[in-house]
Amino acid sequence: MILLDSSVIIELFRKKDKQNTLFYKIAESYSELYISSLTHYEVGIGNKEKHFDYWQTLCNNLTVIPFDKTCSLTAISIYKKLTGRNKMIDLADILIGATAVSHHFPIATLNAKHFERIEHLEIIAHL
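Residues numbered from 1 in each chain as written. Predicted model: local features only at pLDDT ≥ 70, side-chain atom pairs only at ≥ 80, totals over all residues. Heavy atoms only, no water.

Participant: Would you take a moment to explain the nonpolar core for this structure?
Facilitator: Generally speaking, soluble globular proteins have nonpolar side chains that are buried together. Within the largest apolar cluster, 19 residues are counted, with the highest numbers of intra-cluster contacts made by Leu3, Ile107, Ile118 and Leu121. Of the residues forming this core, the biggest block, six residues, is contributed by helix 6 (residues 91-103). Leave out the neighbours within four places in its chain, and Ile107 touches Ile2, Leu3, Asp5, Ile96, Ala100, Phe115, Leu121, Glu122, Ile123 and Ile124. Core analysis: the second largest hydrophobic core is formed by 18 residues, Ile9, Phe23, Leu33 and Trp55 among them. (Core = buried A, V, L, I, M, F, W, Y, C linked by side-chain atoms within 4.5 Å. Buried < 20%, exposed > 50% of the residue type's maximum accessible area, 1.4 Å probe, protein only. Helix = DSSP H or I, 4+ residues; strand = E, 2+ residues; numbered from the N terminus. Contact = heavy atoms within 4.5 Å.)

Participant: Explain the packing of aromatic side chains here, please?
Facilitator: Aromatic ring pairs are reported here in terms of the distance separating the ring centres and the angle at which the planes meet. The tally for this structure, following the rule as stated, stands at four aromatic pairs. Relative to Tyr54, the ring of Phe13 lies with its centre 5.6 Å away and its plane at 75°, an arrangement referred to as edge-to-face. Linking Phe13 in helix 1 (residues 6-14) with Tyr54 in helix 4 (residues 52-60), this pair joins segments that are 41 residues apart in sequence. Residue Tyr54 is classed as partly exposed on the basis of its relative accessible area, which comes to 32%. These aromatic residues form a ring-pair network of at least three members: Phe13, Tyr54 and Trp55. Directly above the ring of Tyr54 sits Lys18, whose terminal nitrogen or CZ lies 5.5 Å from the centroid. (Phe/Tyr/Trp six-rings, centres within 6.5 Å; stacked < 30°, edge-to-face > 60°. Lys NZ or Arg CZ within 6 Å of the ring centre and 35° of its normal.)

What follows is the structure in structure tokens.
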């Protein structure tokens with residue numbers, strides 16, 4: 001089980017050689033792929049019309065994890081720690097990272113620099 005950050009999905013859309021993406025490398029190593037409801041939202045609003053069918057097919061093969069109260073409490077804790085250390089990251093990254101931490105999933109991302117600031121988060125940036 002692994003949670004995919006938005007950056008992994010965005011790379012999949014942008015690269016012509018899909019098999020040379022982190023998504024494909026992750027899919028070879030992990031049988032269960034998850035995204036947070038926030039990743040679903042981020043990719044959905046940024047999705048180009050020409051990618052709509054591809055996105056729908058991809059979503060049918062991923063499990064979307066909702067952002068619930070446990071995730072919210074984890075995100076609050078992360079936010080306060082980052083603020084206290086003056087190491088703030090994007091709110092979406094905090095919420096996605098909190099989802100991974102709350103569910104004890106490693107996170108696959110191309111934005112390891114930000115996610116490294118979140119304690120107790122296992123990061124997969126390449127394979």
